[in-house]
Amino acid sequence: MAYQPKGIKEFIRKRVVALKRKPQTIALLAFALAFLYYSLNLTKISDTTAYINLPGMGLAGFATMLFSILLMVCFMNAFPHRKKVNVPMLALMFVLVGIIIYAGIFYQGRITEALTREVNPITVSADKSYISAAVHMLTVHRVILIIGVALVVLLPVYSKLLKKINTNVDVADNGGMAAIDISGEDA
């Protein structure tokens, strides 16, 4: 009987084999994490936009959501299955990341403007803690996006390192190979 690895070790081995075949999955997961993080914290952005209501805040939040979805689509089209990298889609993906980062910086600038303006500045109290939470969330979102861009740029480096990982399954020999007669002569 052949050795059949089971359990967690086999699960991890299969995941490493999948990553060896498609190493761009790591960067895709980083961009998916950024999208989920922004989407799940969208209430903070919406509440902040409704309270501060400076020009362009709603558009910046909308652009971030829209371009985050388009970023995922461009990424998947930039790395088609069993084909070379689609360079125009990859370039468009980097442009979308730049727009998302700019929208986050613009939005944070509007919050800072509302907090530091001369006439009627906004103070962040306990009931308006969502404003400081939105600033923190936007910073973390940008960091995750930058990590995703770094993973795309470093894709050739870590794909070579992944290919060096040994994922072969050792099969035990049962010793019956010597007893088989393949000469074709009848005894």
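Above: the structure in question.
Residues numbered from 1 in each chain as written. Predicted model: local features only at pLDDT ≥ 70, side-chain atom pairs only at ≥ 80, totals over all residues. Heavy atoms only, no water.

Undergrad: Just to check I follow, could you spell out the layout of surface pockets for this structure?
TA: A water-sized probe rolled over the atoms picks out the places where empty space is left. What the largest pocket holds in volume is close to 340 Å³. Only α1 (8-21) and α7 (155-163) provide two or more residues apiece to the lining of the largest pocket. At 4 residues, the largest contribution of residues to the lining of the largest pocket is made by α7. For the lining of the largest pocket, the per-class residue count stands at 6 nonpolar, 3 polar and 7 charged. (1 Å grid on protein atoms, 1.4 Å probe; cavity = no way out; pocket = protein on both sides within 12 Å on 5 of 7 lines; lining within 4 Å. Points joined across faces, edges and corners; volume = space filled by probe spheres on them. Helix = DSSP H or I, 4+ residues; strand = E, 2+ residues; numbered from the N terminus. Nonpolar A, V, L, I, M, F, W, Y, C, P; charged D, E, K, R; others polar.)

Undergrad: Can you help me understand the side chain of T49 in this one?
TA: Within the secondary structure, T49 sits in helix α3 (residues 42-52). Relative accessible area serves as the criterion here: at 17%, T49 is assigned to the buried category. Once residues within four sequence positions are removed from consideration, T49 is found in contact with M57, G58 and Y107. (Buried < 20%, exposed > 50% of the residue type's maximum accessible area, 1.4 Å probe, protein only. Contact = heavy atoms within 4.5 Å.)

Undergrad: Please clarify how a nonpolar patch on the surface should be interpreted in this entry.
TA: A grouping of F94, V153, L154, V157 and L161 is seen on the molecular surface, where their side chains present a nonpolar patch of about 450 Å² in accessible area. Among the secondary structure elements, F94 is positioned in helix α5 (residues 87-116). (Patch = residues over 30% accessible without salt bridge, like charges linked within 9 Å, V, L, I, M, F, W, Y side chains within 5 Å. Areas by Shrake-Rupley, 256 points an atom, 1.4 Å probe, with all protein chains shown as cover. Salt bridge = Lys/Arg side-chain N within 4 Å of Asp/Glu carboxyl O.)

Undergrad: Can you help me understand the nonpolar core in this one?
TA: Counting residues in hydrophobic clusters, the biggest one holds 22 residues, and the most contacted among them are F31, L71, F75, F79, M93, L145 and V152. Of all elements in the fold, only α2 (25-40), α4 (57-78), α5, α6 (129-153) and α7 reach the threshold of two or more residues within this core. With 6 residues, the top contributor of residues to this core is α5. When neighbours within four sequence positions are excluded, F79 is seen to be in contact with Q24, V85, L90, V152 and L155. (Core = buried A, V, L, I, M, F, W, Y, C linked by side-chain atoms within 4.5 Å.)

Undergrad: Whenever I open this one, the packing of aromatic side chains confuses me. Can you help?
TA: Aromatic ring pairs: the centre-centre distance and the angle between the two ring planes describe each pair. Scanning all chains against the criterion turns up 3 aromatic pairs. For the ring pair F31 and F75, a centre distance of 5.8 Å and an interplane angle of 65° mean the geometry is edge-to-face. Note that F31 is positioned in helix α2 and F75 in helix α4, a separation of 44 residues in sequence. Accessibility expressed as a relative area gives 1% for F31, which makes it buried. (Phe/Tyr/Trp six-rings, centres within 6.5 Å; stacked < 30°, edge-to-face > 60°.)

Limitation: the analysis is restricted to geometry and does not speak to function.
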